[in-house]
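So you can see what is in the structure, the chains are spelled out below.
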Amino acid sequence: MMIGWLGGAYLWVRAAHVIFMVFWMAGLFMLPRYLVHHQEGLGDPAEGPRWIKREALIRRMILTPAMVAVWVLGLMLAANVGFFDGQPGLGWLHAKLLLVLALSGYHGWAVGYSKKLAAGRPTLTPRTLRLLNEVPALAVALIVILAIVKPF
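Let me sum up the structure you'll find in this document. Keep in mind the model is a prediction, meaning the values are calculated, not measured.

Conventions used here
Residues numbered from 1 in each chain as written. Predicted model: local features only at pLDDT ≥ 70, side-chain atom pairs only at ≥ 80, totals over all residues. Heavy atoms only, no water. Salt bridge = Lys/Arg side-chain N within 4 Å of Asp/Glu carboxyl O. Helix = DSSP H or I, 4+ residues; strand = E, 2+ residues; numbered from the N terminus. Buried < 20%, exposed > 50% of the residue type's maximum accessible area, 1.4 Å probe, protein only. Expected span 1.5 Å × (residues − 1). Core = buried A, V, L, I, M, F, W, Y, C linked by side-chain atoms within 4.5 Å. Contact = heavy atoms within 4.5 Å. Axes fitted to C-alpha atoms, helices over the stretch in contact; angles between N-to-C directions. Left-handed = near helix turned anticlockwise from the far one by under 90°. Nonpolar A, V, L, I, M, F, W, Y, C, P; charged D, E, K, R; others polar. Phe/Tyr/Trp six-rings, centres within 6.5 Å; stacked < 30°, edge-to-face > 60°. Lys, Arg positive; Asp, Glu negative; His and termini not counted. Parallel < 35°, antiparallel > 145°, perpendicular 65-115°, else oblique.

So, about the pattern of salt bridges. Scanning all chains against the criterion turns up three salt bridges. As a salt-bridge pair, Glu-47 and Arg-50 come within 2.8 Å of each other at their nearest N and O atoms. In this pair, Glu-47 and Arg-50 both sit in helix α2 (residues 47-80), three residues apart, roughly one turn of the helix. Relative accessible area serves as the criterion here: at 21%, Glu-47 is assigned to the partly exposed category.

This is how it looks when you write it as structure tokens:
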């Protein structure tokens, strides 16, 4: 167990980080699937407003708050292990942060694409959109391996 500056709060901060990561991933698994259904329903005038509302709710209630919590708690944990002090042996954490940054970019892309769909301007084929749905699963698998195995 790494106490560092967090002291006795370390395990609570770590638990909260994992909990909010699960919430964020749940949202990142759902929103892209919503986008597929939204895009497929663009021909039905009744479907568009329903998907716009669903996408806005998931962004406001789950995705954005969870992502912010993951970043704040994660940076606290990184500081706790000496990441910002140049502590050696944290190559795994550098790689993890790079993947989390990429996942945050994906989050931003998904939010942006939902706004394109709300304006009736899809730019991707349904097949491409479905393939992009797999990005969060691949990213979280790599992130978990880095956080647990710490290979470098």
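The discussion continues.
What follows deals with helix α3 (residues 91-118). For α3, built from 28 residues, the straight-helix expectation of 40 Å at 1.5 Å per residue is met to within 8% by its first-to-last C-alpha distance of 41 Å. One or two positions beyond α3, positive phi appears at Gly-120, with a value near 75°.

Right, let's talk about the nonpolar core for a bit. Side chains of nonpolar character tend, in soluble globular proteins, to be buried together. One finds Trp-24, Met-25, Leu-28, Leu-31, Leu-35 and Leu-103 to be the most contacted residues of the largest nonpolar core, which totals 24 residues. Where this core is concerned, the elements lending two or more residues are α1 (10-40), α2, α3 and α5 (135-149). Setting aside its immediate chain neighbours within four residues, Leu-35 contacts Glu-55, Ala-110, Tyr-113, Ser-114, Leu-117 and Leu-129. Counting residues in each nonpolar core, the second largest holds nine residues, with Ala-78, Val-81, Phe-83 and Ala-95 among its members.

Two elements in contact, α1 and α3, have axes whose closest approach is 10 Å; the angle formed by their N-to-C orientations is 35°. Remark: the crossing between α1 and α3 carries left-handed chirality. In contact with His-17, Trp-24, Met-25, Leu-28, Leu-31, Pro-32, Leu-35, His-38 and Gln-39 of α1, α3 contributes Lys-96, Val-100, Leu-103, Ser-104, Tyr-106, His-107, Ala-110, Val-111, Tyr-113, Ser-114, Leu-117 and Ala-118. Among the residues making up the contact of α1 with α3, the classes are represented as 14 nonpolar, six polar and one charged.

A full pass over the atoms with the stated rule returns five aromatic pairs. Taking 5.7 Å as the distance between ring centres and 90° as the angle between the ring planes, the aromatic pair formed by Phe-20 and Phe-23 counts as edge-to-face. In this pair, Phe-20 and Phe-23 are both assigned in helix α1, three residues apart and thus about one turn of the helix distant. Phe-20 sits in the partly exposed class, given a relative accessible area of 30%.

Glancing now at unusual backbone geometry. With the exception of glycine, most residues fall at negative phi, and the peptide bonds are largely trans. The phi torsion at Lys-150 lies on the positive side, around 50°, for a residue other than glycine. Locating Lys-150 in the fold gives a position in the segment after α5. Judged by relative accessible area, Lys-150 falls into the partly exposed class, the value being 41%.

Along the chain, Arg-59 falls in helix α2. Nearest to the buried, unbridged Arg-59 among oppositely charged side chains is Glu-55, at 4.8 Å. If near-sequence neighbours (up to four positions away) are discounted, Arg-59 is found in contact with Leu-31, Thr-64, Pro-65, Val-111, Ser-114 and Lys-115.

Residue position: Pro-88 is located in the loop between α2 and α3. Separated by 66 residues in sequence, Pro-88 and Val-22 place their C-alpha atoms 29 Å apart.

Moving on to the packing of α1 against α2. Put simply, α1 and α2 touch, their axes get as near as 7 Å, and they point 150° apart. With respect to α2, the element α1 is oriented roughly antiparallel. In the packing of α1 onto α2, the handedness of the crossing is left-handed. Tallied by class, residues from the contact of α1 with α2 come to 24 nonpolar, seven polar and four charged.

On their own, these measurements won't tell you what the molecule is for.
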